[in-house]
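# Understanding the architecture of this molecule
This is what each chain is made of:
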Amino acid sequence: MTWSTYGSYLILVVLVVLAPGPDTVVTLKNSFAGGFRGGLVASAGIAAGNLVQGTAVAFGLGALIVRSQPVFQTLRWIGVIYLCYLGVQALRSARRGEYAALDGSGARSGVLRRFREGFLSNVTNPKVLALYLSVLPQFIDPAHHSAGDTLLLAYTFAVLGAVWLLLLVAFVHTVRVWFQRRSVRRGLDVATGTTLIGFGAALAIND
């Protein structure tokens, strides 16, 4: 792989990473509820999910999953259900309106749960596998293809995605005083909950 090819790939990845998606919304949801630590842990879970999916693609498992309709559809519907579940959780939180301060119990509790939310929301989204399988071959020479090249491209995507999510977490932390207002938190929970359910619906509709 040449540096010019890798540079072109980096440009494409940055554009993809900046596009809002479930990873962004899940990170924001956990940042609002758990402060800097909550967002950091959720983004770590998402990064782990990206690494798992990238590794699966590099060693051929991703292609097998996408080609096997029963497996792909099962994974897709698990992703649909989980995104909708997270969305309903956010809406229920907005309805209750009981918010712990970001520097209090809400920021210190549920580390494993927040990591799990990030990891599962990513790893159960087969669109990530499909993205890897459609994009990565365009930047790999079939005559000199190796698992190492695929891993480099996939892990680059995971790293840049993690950097972007960390920037979002840092931004939320910077303006955390504003986010602690009950009316603002309720509005944000409604927005993130509705968006997550929308992503779930889109995943259900689009085969």
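Residues numbered from 1 in each chain as written. Predicted model: local features only at pLDDT ≥ 70, side-chain atom pairs only at ≥ 80, totals over all residues. Heavy atoms only, no water.

### Structural notes on the packing of aromatic side chains
Tallied over the entire structure, the rule returns five aromatic pairs. Here the aromatic rings of Tyr9 and Phe139 are separated by 5.3 Å at their centres, their planes lie at 70°, and the arrangement is edge-to-face. One end of the pair, Tyr9, is in helix α1 (residues 3-18); the other, Phe139, is in the loop between α7 (126-135) and α8 (147-174), with 130 residues separating them in the sequence. Grouping residues by exposure puts Tyr9 and Phe139 together as buried. (Phe/Tyr/Trp six-rings, centres within 6.5 Å; stacked < 30°, edge-to-face > 60°. Helix = DSSP H or I, 4+ residues; strand = E, 2+ residues; numbered from the N terminus. Buried < 20%, exposed > 50% of the residue type's maximum accessible area, 1.4 Å probe, protein only.)

### Concerning the nonpolar core
With 17 residues, the main nonpolar core has Tyr9, Tyr132, Leu136, Leu153 and Phe157 as its most contacted residues. In contact with Leu136, not counting residues within four places along its chain, are Tyr9, Val57, Leu131, Thr150, Leu153 and Ala154. By size, the runner-up hydrophobic cluster in this structure holds twelve residues, among which are Val26, Leu83, Leu86 and Leu165. (Core = buried A, V, L, I, M, F, W, Y, C linked by side-chain atoms within 4.5 Å. Contact = heavy atoms within 4.5 Å.)

### As for the pattern of salt bridges
Between side chains of opposite charge, a pair can form as their charged atoms come close. Throughout the structure, instances matching the rule amount to two salt bridges. Residues Glu117 and Lys29 are paired through a salt bridge, measuring 3.2 Å at the closest nitrogen-oxygen approach. Taken as a pair, Glu117 in helix α6 (residues 111-123) and Lys29 in helix α2 (residues 22-58) lie far apart in primary sequence, 88 residues in all. Overall, the relative accessible area of 2% leaves Glu117 in the buried class. For Lys29, a relative accessible area of 9% gives the class buried. Salt bridges here are not isolated pairs; linked through shared partners, they connect Lys29, Arg113 and Glu117. (Salt bridge = Lys/Arg side-chain N within 4 Å of Asp/Glu carboxyl O.)

### A closer look at the packing of α2 against α8
For the pair α2 and α8, interaxial distance at closest approach is 9 Å and the crossing angle is 175°. The angle between α2 and α8 places the two elements in the roughly antiparallel class. Tallied by class, the residues present in the contact of α2 with α8 amount to 23 nonpolar, ten polar and one charged. (Axes fitted to C-alpha atoms, helices over the stretch in contact; angles between N-to-C directions. Parallel < 35°, antiparallel > 145°, perpendicular 65-115°, else oblique. Nonpolar A, V, L, I, M, F, W, Y, C, P; charged D, E, K, R; others polar.)

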